[in-house]
Amino acid sequence: MIFRTPKQVGEWVNRTKKINFTFEGEEFSAFEGDTISSALWAAGQKVLGRSFKYHRARGVLSLANHDVNVLVTDGIDTNIRADVVEVKQGMVLTAVNTSGGVKKDKNSYIDSISPLLPVGFYYKAFHTPRRLFPFWESVIRKAAGLGIVNFDYPRILKRKTHSHCDVLVVGAGPTGLTAACTAAEAGLEVTIVDENRQLGGSLGYNRAGDSSVVTELDSLMSKVASLPNIKVMTGAYAAGYYPDHLIPIVSEAGINKVRAKSVIVASGAFEQPPVFRYNDLPGVMLGSAAQRLLYRYAVKPFNNGIVVTANDYGYRVALDLFQAGTKIVALVDMRPTGSTAYAAALAKRGVKVYTGHCVYEAIASSDKSGVRGAIICAYDEKQSIALTDTKFTLECDGIAMSAGWAPAGALLYQAGTGMQFDYGVEQFVPSRLPNGMFAAGKVNGIFELEQRLRDGVRAANDVIRHLGGQAPQNDVEKHVGISPSHAYPMVPHPKGKNFVDFDEDIQIKDFVNAAKEGFDNIELMKRFTTVGMGPSQGKHSNMNAIRILARIRGLPVEKIGTTTSRPFFHPTPIGHLGGRGFHSHRLTSLHDWHQANGAVFTDIGAWKRAAYYPAAGQSKEDAIQTEALAVRKTAGIIDGSSFGKIEIHGPDAALFLERFFTGVYTDQKVGSCRYVMLLDETGVVVDDGIASRLADDLFYLSIGTSNAAAVYREMQRSQQMWQLNIGLVNVTGAFGAINIAGPAAREILSTLTDLDLSYESFPMSSVRESHVAGVETRMIRVAFVADNGYELHAPMGQIPHLWNALIEAGKKHALRPFGSDTQRLLRLEMGHAMPGVDTDGLTNPFEIGADWAIKMDKPYFIGQRSLTILAKRPLRKQLVPFVLAENYKGEMPMDCNLVVDGRDILGRVTSISYSKYLDRCIGFAYVTPARKEVGSVFQIRADSGALVAATVVKSPFIKTLKGA
Amino acid sequence: MKLLTCPMNGTRPLSEFVFGGEYRQAPDQDTCTDAQWAAFVHNRSGAPGDKKEWWYHSPSGTWFIAERNTLTDKVTSTYLLGQKDTTQEAGK
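Throughout, residues of each chain are indexed from 1 in the direction in which the sequence is written. Lettering of chains starts at A and numbering of ligands starts at 1, both following the order in which they are written. Note on the predicted model: pLDDT of at least 70 is required for a residue's local features to be given, and 80 or more for side-chain atom pairs to be given and counted; whole-chain, interface and lining totals, by contrast, use all residues.

S.K.: So, the overall build of chain B: which residues are in play, and what are the values?
M.R.: Helix numbering and strand numbering both begin at the N terminus, where a helix is a DSSP run of H or I of at least 4 residues and a strand a DSSP run of E of at least 2. Scanning chain B for helices and strands turns up one helix and six strands. Listing each helix as α and each strand as β along chain B from the N terminus yields β-β-β-α-β-β-β. Its C-alpha atoms give chain B principal-axis dimensions of roughly 40 × 25 × 25 Å. Burial analysis of chain B (92 residues in total) assigns 17% to the buried set. With C-beta atoms placed from the backbone, a contact is any residue pair whose C-beta atoms sit within 7 Å. Looking at chain B alone, contacts between residues at least 24 apart form 44% of all its contacts between residues at least 6 apart. Counting other C-beta atoms within 10 Å of its own, a residue is labelled buried from 20 upward, exposed at 12 or fewer, and partly exposed in the gap between, with every C-beta atom placed from the backbone.

Okay, here's the thing in C-alpha cells:
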C-alpha cells in the first residue's frame, strides 16, 4: 500500500482490519472500508479498467459511482462499480471489458484505428449489402456491451418495502443535513437518503487543506443522531420521481418506496472534467476524486501532480494535495485572472501557478498505463484555443482537474421542475418548482458553504410552511462573485482524443461531425453520438456536450436545453425490480378435481377454467369432439363457477333491470327466467345473460365469465346515477355453478332431488330453488349448450360435493365432464352468438338478429335512443349462420378470415368449427344484407388465400342439419 | 404512483381506481334531435383543461366524480355524484 497516507481525520477505512483479495490474478491487500478502486490505487495499480469503445486504459475518474470504465466482476455479479463498492475478504475480481486482461487488453488496437471509426460509423457502414448484415451483427454484438451476463445468477428475491414521511431529503451533504435537522426540530418526520456509505457529502472531503471543517460535520452528524424523528438511509439512492412524491429508494437490500408529503432535493452537483487531449489517462482524475481518495480512504492520488482548473475549486484541491504531501508541480488555471481567494495560500506554499494556461495534452507513460507529464500552453479563453507556440512540458505522475459542476437534478427534472440557465453560476437552476418540491444547495446554484447551510434551513422552513406549520421565510441571496463553473473548459487539439464522454469514448470532433451531419439538436445529437447513453448516463458529459453544441450552433446554452431525464437515476439491478408475479387468478372450488382429471386450463377473465379433458395421447380436437358427442348422446357436465352472478334486491329490482337491459322484467313471473342483453349508450352490444326472478324483490343474474366484473361495475355506476331502491350484490365468488346437459341430464338429476323435473312443472327458462344431493340449489333450465340443460347454482364450498354426487349418479349414463372449449362448440351447434366473440365494439343488436330481445316501448334503457336512430338506417352487415360443403376437406377457414367478393370485403368469420356430431363445418359470419338469406352462397378467403364457399343456413344448426 | 381521494374511503393509490370516462350530462333523449344525441354519444372534447370525470374505487365499489385538470393532472375535488361539497377541496 505504497500510496497510503498517515491517518486522515474522518477517514472511512479501518486500519485494524486487513483484507486480502485478488484483481486480475494478482494479490492485493486493503483495509476494511476501502473500495475496490481505493485499495488498488493504494497499491499503485493504476490501470483499473478499459474503456468501452477504444479499450483505452482507465483509472480513477470520479470515485463517486460514475467510474464506469472500472467495472469489475466477481463471477457472479456482472458490473460491480469498483469506485464505490467495498472490497471484501477473499474477493476474486477481474475487469469486465477486456480481452486478455486489463494490462494487455488485445482489443486496445482499436484505439489506434479509431480514426476509421468516426461517430455514426455503425449506422452507416453495415447496412449494405444486406446479406452481410448477420455477419456484422454478430461482430458488433460481441464488441458491444459490458461484461458477460451470468446465467447462473442466484435468484434472490428482494422485498419491496414502503414507508412514509413528512419530508424526504435527498442528499446528506451539509445542505441536506441542515435541512433535515431544521425540519425535524419543527416536529416533522424526516427521511434523509444518501448514496454514500456515510453522511456528510463534500463536507467530509472538500477541506482546502484545513481539516477543521470536519468538526462542523461531526456536530451536524451528532445533531442528526440526537433527533429521533430523522430516519437516515445511507448507501441508498433516490432512483426516480413518481407523481405525488413517490420515490423509490434503492439500496443493496432492495427498493423502499417512500411516499413523502414533500421533498427537498439537496443532491448536490457532479464535478465536470475540462476537456483536453488524453484527459482520460490513468492518473488524470477529477479534483473531487482526488479529495475523496485522500480523505475517505487515506490514499495519495499521486506524488508529483499538476492541478488544472477553470474555477477556484482546483485551488482547494491543490491545498488538499499539498497537505497530504503531494508535490504540486504546477497549478494551471485556464482563466486569465486566476483566483484572488486562494492565490496567496498557494504562493505561500511555493506552488507555481500558471494563469491563462491550459493542459494541451497529457503525456502517457511508455506503456500507456499512466501519466508522465503534461504539455502546457497559454490559453486564449475568448476563442477557447491553446496557443501552441507557447507550449512547454512539465513532468508529473498525475493530474487533478476541476472545471465546474452540473446539478444532480434528475429528480427535479422528473418532477416537472422548470429549469433555467443561470450565468452567475454557469449552471441550470430550478426556476419553477412543482408543488411540494424544494431544492437547496449546489443543485439550487448555491455553492458557498455558509450559504448552503442557510439554504438548507430556508428549504426546511419552506417545507414547514408548505405542510401548514409556522416558519420564517428567509431567502438566501444568489451566488455572487466568481462562477463555480467555467463557461467553456475545452481545449481543441488537431489529434483529438480529448474526451467529453468517458463512458462512450466521445471526443469534441464527434460533436462537430454529428452537427455537420445535421444532428444538431441535443436529443438528436445524444442519439447519434451516444453521448450520455453509457452507464453513467451523462453525469459528467451532458453539460459539456450542451456547451459544445451551443458553441457549434452559436446559440446561448439555454437555447440548447437538456435531454429528458427519466427514471431510473442510476442503473438498478433487474433483481431489485423483479418480484413475485401478482397476476392474480381465480380458481373455482373444483380446480383440484379438474387438475386430477387431466384438464387443460385456459384463462378466461381472471379465472382458470378447464378447457377440455384429453385422455392419454388424445389430441385437443379429439377431446373436444368426444366431450361434445357425450352431451349430444348421453350427458355432459361443466364447471360454470366462473360465470358472473349478481343479485339485485329491492322493490325497484325489476325497474332497475328494465333500465339497464333491453328487455321487460316488471311482468316477469317469480320462478321464470328471461334473457338479458346489455348495450352501451351508442347501442353496441356489450354482454348478455339470464335473469332469474327468485322473488318479487330478488333477481338472480348470471352472465358470461369474462365481462362479469365490468358489467357489475356498470350496474353500480347506473345505480349511482339512478338512485333506485335496490341493492346490488356480486355473488360471483360466493356461488359456484354446474351445468349438466344432454338427453340423460334430467334422469341423472332426478336421482338427487325430490323436485318434480317433469317438463310441465319445470319448463324451459324457469328457475327452482330446491335441494340437490342435500345442497340448497338454484336450478335454472337453460338451453345454452343443449336443449336439456340445468344450471345448478350453489354455495361455492358445496360445489365439489354436488359435482361428485352428479358424477357418481351419472356413471351408468356415461356422463362426462366437458370444458369451456367444448362449450364453445356446443353453443355454436345450438346457434347461439356470443357477445365479444361474434360481436365487436361496433355491433348493434339488429346486426345479430336480436331485434326480438329489444323492447323499444319502454320509457328508457341504456342504448335505447341510439337504437331509434340505428333502426331508421339500412343494415350494413348481418351475422348469419353458415355451413361449408358436405365432406369439405380443404383448408379450414379461421375465425376472422374475411368474407370476400372479388376485391371487395363483405364481412368476416366470427366463429367456425367442425362439428363431429353434425359432421359439418359450421360457423357465424358477417355478410352484406344482400347475402343474408338462407341459401345464399358467399366466399371466405382462408389464410392461404384460397376461397372457400359457404352457404347461409337456418339456425340452430342441430335442428337444421339433424332435425333434432 | 398518483394518489386519488375517494369520497368514501379517503386517499388511496391510483392502482385501486378505475377510470370511467368524462362525466357528461346526457341531453333529454325524448326531446333532443338525432344529431344532438349522436354528438353526445360519439363526440368528446379532447382539449386539455378542467374536466369532470367518473372514477371507480374498485375495492369498495364506489363511483364518484373527480374534477381534474387534464393538462396538469391535478385533481381539485372529488365527491359522490350530486353531492359536491364546495367547502372542501379533496386531497391536498
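Having seen the model, we can carry on.
S.K.: Explain the overall build of chain A to me, and be specific about the residues and the numbers.
M.R.: For chain A, the count of helices and strands is 25 helices and 47 strands. A radius of gyration in this sense is built from C-alpha atoms; the matching globule rule multiplies 2.2 Å by the number of residues raised to 0.38. Computed over the C-alpha atoms, the radius of gyration of chain A is 38 Å, more than 25% above the 30 Å expected from 2.2 N^0.38 for a compact globule of 964 residues. Based on the C-alpha atoms only, the size of chain A along its principal axes is roughly 115 × 70 × 60 Å. Looking at the 964 residues of chain A, the share that counts as buried comes to 50%.

S.K.: Tell me about the sheet that holds strand β46 (residues 937-941) of chain A, and name the residues and values.
M.R.: Residue and element names in this part refer to chain A. Pairing between two strands requires that DSSP report at least two bridges joining them. Taken in spatial order, the six strands close into a barrel running β42-β45-β44-β43-β46-β47, and their pairing is antiparallel. Taking the axes of each pair of neighbouring strands and ignoring which way they run, one obtains an average angle of 45° across the sheet. Taken together, the three bridges between strand β43 (residues 898-901) and β46 define a ladder with antiparallel strand orientation. Counterpart to V900 in the pairing with β46 is Q939. For helices, the fitted axis covers only the stretch in contact; all axes are lines through C-alpha atoms, and the angles between them, taken along N-to-C directions, range from 0 to 180 degrees. Those strands touched by helix α23 (residues 820-829) are β44 (904-915) and β45 (920-927), and its axis lies near 115° from that of β44.

S.K.: How would you summarise the domain arrangement of chain A if you had to cite specific residues and measurements?
M.R.: Domains are outlined according to an automatic or database domain assignment. Split by domain assignment, chain A resolves into domain 1 (1-154), domain 2 (161-270 + 406-466), domain 3 (498-575), domain 4 (587-641 + 736-756 + 777-842) and domain 5 (874-964). Inter-centroid distance (C-alpha atoms) of domain 2 of chain A to domain 4 of chain A is 63 Å.

S.K.: Any chance you could break down the sheet that holds strand β32 (residues 644-649) of chain A for me, citing the residues and the numbers?
M.R.: All names here are of chain A. Strand order in the open sheet formed by five strands is β33-β34-β35-β32-β36, with antiparallel pairing between adjacent strands. In this open sheet, the two strands that pair with only one neighbour each are β33 (673-679) and β36 (727-730). Adjacent strand axes in the sheet meet at a mean angle of 25° when their direction is disregarded. Across seven bridges, the pairing between β33 and strand β34 (residues 685-695) is antiparallel.

S.K.: Account for the nonpolar core, naming residues and giving values.
M.R.: Residue and element names in this part refer to chain A. Here, a nonpolar core denotes buried Ala, Val, Leu, Ile, Met, Phe, Trp, Tyr and Cys residues that are linked to one another through C-beta atoms within 7 Å. Grouped together as the largest cluster of nonpolar side chains are 179 residues, with contacts concentrated most on A180, I264, A318, C358, V359 and I399. A total of seven residues in this core trace back to one element, the largest contributor, which is helix α8 (residues 313-323). Of all hydrophobic cores here, the second largest spans 98 residues; its members include A611, I648, F818 and I940.

S.K.: Report on the environment of R580(A), specifying residues and quantitative values.
M.R.: Residues and elements named next belong to chain A. Tracing the sequence through the fold places R580 in the loop between α16 (574-577) and α17 (591-596). Since 8 C-beta atoms lie within 10 Å of it, R580 is described here as exposed. Residues R580 and K158, spaced 422 residues apart in sequence, show a C-alpha to C-alpha distance of 9.7 Å.

S.K.: Help me get a handle on the interface of chain B and chain A, residues and values and all.
M.R.: The interface is formed by 16 residues belonging to chain B together with 14 residues belonging to chain A. Secondary structure elements with two or more residues in the side of chain B that touches chain A: β3 (17-22), α1 (34-42) and β4 (50-57) of chain B. It is α1(B) that contributes the most residues to the side of chain B that touches chain A, five residues altogether. A class-by-class count of the residues in the side of chain B that touches chain A yields 10 nonpolar, four polar and two charged. Under the scheme applied here, ten amino acids are nonpolar (Ala, Val, Leu, Ile, Met, Phe, Trp, Tyr, Cys and Pro), four are charged (Asp, Glu, Lys and Arg), and all others, including Gly, are polar.

S.K.: Go over the confidence of the model for chain B with me, naming the residues and quoting the values.
M.R.: On average, chain B scores 90 in pLDDT, and the residues at 70 or more come to 91%. Both confidence scores are given for the complex: pTM 0.85, ipTM 0.93. pLDDT is a per-residue confidence score from the predictor, ranging from 0 to 100.

S.K.: Describe the pairing of strand β30 (residues 607-612) of chain A, naming the residues involved and giving the relevant values.
M.R.: Residues and elements named next belong to chain A. When you tally the buried positions in β30, you get five out of six residues, the bulk of the element. Pairing of strand β29 (residues 600-604) with β30, which is carried by five bridges, proceeds in the antiparallel orientation. Bridging across to β30, D603 finds its partner in K608.

S.K.: Account for helix α14 (residues 542-553) of chain A, naming residues and giving values.
M.R.: Residues and elements named next belong to chain A. In this model α14 runs 16 Å from its N-terminal to its C-terminal C-alpha over 12 residues, within 8% of the 16 Å that 1.5 Å per residue would give. When you tally the buried positions in α14, you get nine out of 12 residues, the bulk of the element. Turning to α14, its buried residues are N542, M543, N544, A545, I546, R547, I548, L549 and A550. Looking at the buried residues of α14, the elements they touch are β14 (269-272), β23 (404-407), β27 (499-501), α12 (508-516), α13 (522-529) and α15 (557-560). A helix is expected to span 1.5 Å for every residue after the first.

S.K.: Any chance you could break down the packing of helix α5 (residues 174-185) of chain A against helix α11 (residues 449-466) of chain A for me, citing the residues and the numbers?
M.R.: All names here are of chain A. Interhelical geometry of α5 versus α11 gives an angle of 35° and a closest axis separation of 7 Å. Pair α5 / α11 crosses with right-handed handedness. Residues P174, T175, G176, T178, A179, T182 and A183 of α5 lie in contact with α11, whose contacting residues are L449, R452, L453, D455, G456, V457, A459, A460, N461, V463 and I464. The class makeup of the residues in the contact of α5 with α11 is 10 nonpolar, six polar and two charged. Two helices crossing with the near one rotated counterclockwise from the far one by less than a right angle form a left-handed crossing, whereas a clockwise rotation gives a right-handed crossing.

S.K.: Could you give an account of the packing of α12(A) against α13(A), with specific residues and numbers?
M.R.: Residues and elements named next belong to chain A. Where α12 contacts α13, the two axes come as close as 10 Å, and the packing angle between them is 120°. The interaxial crossing formed by α12 with α13 has right-handed handedness. Contacts between α12 and α13 pair D510, F511 and A514 from the former with M525, F528 and T529 from the latter. Looking at the contact of α12 with α13 residue by residue, the classes come out as four nonpolar, one polar and one charged.

S.K.: Explain the environment of T951(A) to me, using residue names and the numbers behind them.
M.R.: Residue and element names in this part refer to chain A. Take T951: it is sitting in strand β47 (residues 947-952). A residue is classified by how many C-beta atoms lie within 10 Å of it, and T951, with 15 of them, is partly exposed. For T951 and R15, which are 936 residues apart along the polypeptide, the C-alpha to C-alpha distance reads 91 Å.

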